[in-house]
Amino acid sequence: MDHNNILPVVLAGGKSRRFGEDKSQAKLGKKILIDYILSELIDEFNEVLIVANNPIKHLLSDKIKKTGDLKKDHGPLGGIFSSMKWAKENSKPYKWIASFPSDTPFFNKRILDNFLNKINEKESELFFIKFKDKRHNIFGLWSIDLVDQLEKDLNNGSRKIEKWANNIGVKTINMSFEKEEAFFNINTKEDLTKANKILND
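A brief structural summary. Quick caveat: nothing in here was measured; it's all calculated off a predicted structure.

Basis of the calculations
Within every chain, residues take consecutive numbers counted from 1 along the sequence as written. Residue-level local features of this predicted model are given only where pLDDT is at least 70; pairs of side-chain atoms are given and counted only at 80 or more, and the full residue set underlies all totals for whole chains, interfaces and linings. Calculated side-chain values reflect all of the structure's heavy atoms, with hydrogen atoms and water omitted. Secondary structure follows DSSP: runs of H or I at least 4 residues long count as helices, runs of E at least 2 residues long count as strands, and numbering of each begins at the N terminus. Taken over C-alpha atoms, the radius of gyration is set against a globule rule of 2.2 Å times the number of residues to the power 0.38. When a residue's accessible area, from a 1.4 Å probe over protein chains only, is under 20% of the maximum for its type it is buried; when over 50% it is exposed; and in between it is partly exposed. Residues count as neighbours in contact if any of their non-hydrogen atoms are within 4.5 Å of one another. Residue exposure ignores everything except the shown protein chains as possible cover, and the areas themselves are Shrake-Rupley values with a 1.4 Å probe. The charge count includes Lys and Arg as positive and Asp and Glu as negative, but it does not include His or the ends of the chains. Note that the charge is assigned to NZ on lysines, CZ on arginines, CG on aspartates and CD on glutamates. Being paired, for any two strands, means DSSP has found at least two bridges between them. In this description, a line fitted to the C-alpha atoms serves as the axis of each element, helices being fitted only across the stretch in contact, and the angle between N-to-C directions of two axes falls anywhere from 0 to 180 degrees. In this description, a nonpolar core means a group of buried Ala, Val, Leu, Ile, Met, Phe, Trp, Tyr and Cys residues linked to one another through side-chain atoms lying within 4.5 Å. Every angle not falling under 35 degrees, over 145, or within 65 to 115 is termed oblique; those three ranges are roughly parallel, roughly antiparallel and roughly perpendicular. The handedness criterion is simple: a crossing whose near helix is rotated anticlockwise from the far helix by less than a right angle is left-handed, and one whose near helix is rotated clockwise is right-handed. Residue polarity follows a fixed list, in which Ala, Val, Leu, Ile, Met, Phe, Trp, Tyr, Cys and Pro are nonpolar, Asp, Glu, Lys and Arg are charged, and the others, Gly among them, are polar.

### Details of the overall build of the protein
Along the protein, the regular secondary structure elements total six helices and nine strands. For 201 residues, the compact-globule estimate of 2.2 N^0.38 gives 17 Å, and the protein sits close to it at 16 Å. Each principal axis of the C-alpha atoms in the protein carries an extent, and together these give about 45 × 35 × 35 Å. The proportion of buried residues among the 201 residues of the protein is 50%. The contacts in the protein between residues at least 6 apart in sequence include a share of 68% that link residues at least 24 apart. A total of about 10400 Å² of accessible surface is found on the protein, and carbon and sulfur atoms cover 42% of it. Within the protein, the 29 negative side-chain charges are centred at a point lying 3 Å from the centre of the 34 positive side-chain charges.

Right, dumping it as structure tokens:
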């Protein structure tokens, strides 16, 4: 797929309840958590958008833009909507939103490129990665043409990405990796300890 048509979006608007503080700002090795995914995206795309509701530290780059949730407490689905509206309102040329969580430090651009290379744009308006029988709904490629339907459904109470995607129609892209920690996400301080161990092995 043409990267010029894609706006990568890092979702950092969650409340990190289980972690106890903003996990995107947690230190892992020599970097804060959000900078792991940002460093994988920054050289691949024209811009990277962060959706966050509080001031946060992050990798310094003119390519990185930020916006907040237009609809508070709507979870990741609300973050996707906010990024689509940002692209529309700023007259951006993107046709797709590529979504990423801020808490998966071992996901890398090689995996992303493999995912995008497997996609036939004509097959769906929504694509998710599937790995070992688990669909990873935050790692997705969303057509911006879905924005009006998404806004309508959010207003009608939709909150769960999985349910909304199933109703809309989603194509899963099966992938395999040598290292299983590609989708390891950090929800708790214990997870951060495990991530440090993975990082140092």
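### A few points about the sheet that holds strand 8 (residues 134–143)
With respect to topology, seven strands assemble into an open sheet ordered 5-4-1-6-8-7-9, the strand pairing being mixed. The sheet is open, and its two borders are formed by strand 5 (64–67) and strand 9 (171–175), each paired with just one other strand. Going from strand to strand, the sheet's axes swing by 30° on average, the running direction of each strand aside. Pairing of strand 4 (residues 48–51) with strand 5, which is carried by four bridges, proceeds in the parallel orientation. Pairing of V48 across the sheet is with I64, part of strand 5.

### Notes on the pairing of strand 8
A regular strand places its side chains on the two faces of the sheet in alternate fashion. With eight of its 10 residues buried, strand 8 lies for the most part within the structure. Bridge analysis of strand 6 (residues 96–101) against strand 8 gives four bridges, and the strand direction is antiparallel. Of the residues in strand 8, the one forming a bridge with I97 is W142. For strand 7 (residues 126–131) and strand 8, the ladder comprises six bridges, and the chain directions are antiparallel. In the sheet register, F127 faces strand 8, and the bridge partner there is L141. As consecutive antiparallel partners, strand 7 and strand 8 are separated by two residues, and within that stretch K132 has a phi angle of approximately 50°, a positive value.

### Re the nonpolar core
Counting 34 residues, the largest nonpolar core has F107, F115 and L141 as the members making the most contacts within it. Among the elements of the structure, strand 1 (6–11), helix 1 (33–41), strand 4, strand 6, helix 3 (109–117), strand 7, strand 8 and strand 9 are those that each provide at least two residues to this core. Among residues more than four places away in sequence, those in contact with L141 are M1, I6, W96, I97, A98, F115, L116, I119, E125, L126 and F127. By size, the runner-up hydrophobic cluster in this structure holds 24 residues, among which are L77, M84, L126 and A165.

### Brief notes about the packing of helix 2 (residues 75–89) against helix 4 (residues 147–155)
Pairs of packed helices are described in terms of their axes, by the angle between the two and the distance that separates them. For the pair helix 2 and helix 4, interaxial distance at closest approach is 10 Å and the crossing angle is 135°. With respect to their mutual orientation, helix 2 and helix 4 come out oblique. Crossing angle aside, the handedness with which helix 2 passes helix 4 is left-handed. Packed against helix 2, whose contacting residues are L77, G78, I80, F81, M84, K85 and K88, the element helix 4 presents V147, L150, E151 and L154 at the interface. When grouped by side-chain class, the residues that make up the contact of helix 2 with helix 4 number seven nonpolar, one polar and three charged.

### Quick look at unusual backbone geometry
Look at D73: it is not a glycine, yet its phi comes out positive at around 60°. In this structure, D73 sits in the loop between strand 5 and helix 2. The phi torsion at D133 lies on the positive side, around 65°, for a residue other than glycine. Locating D133 in the fold gives a position in the loop between strand 7 and strand 8. Residue classification places D133 among the exposed positions, given a relative accessible area of 75%.

### Considerations on the environment of D22
Tracing the sequence through the fold places D22 in the loop between strand 1 and strand 2 (27–28). The class of D22 is partly exposed, set by a relative accessible area of 26%. Sequence separation between D22 and A12 is 10 residues; the distance between their C-alpha atoms is 8.7 Å. Once residues within four sequence positions are removed from consideration, D22 is found in contact with S16 and I56.

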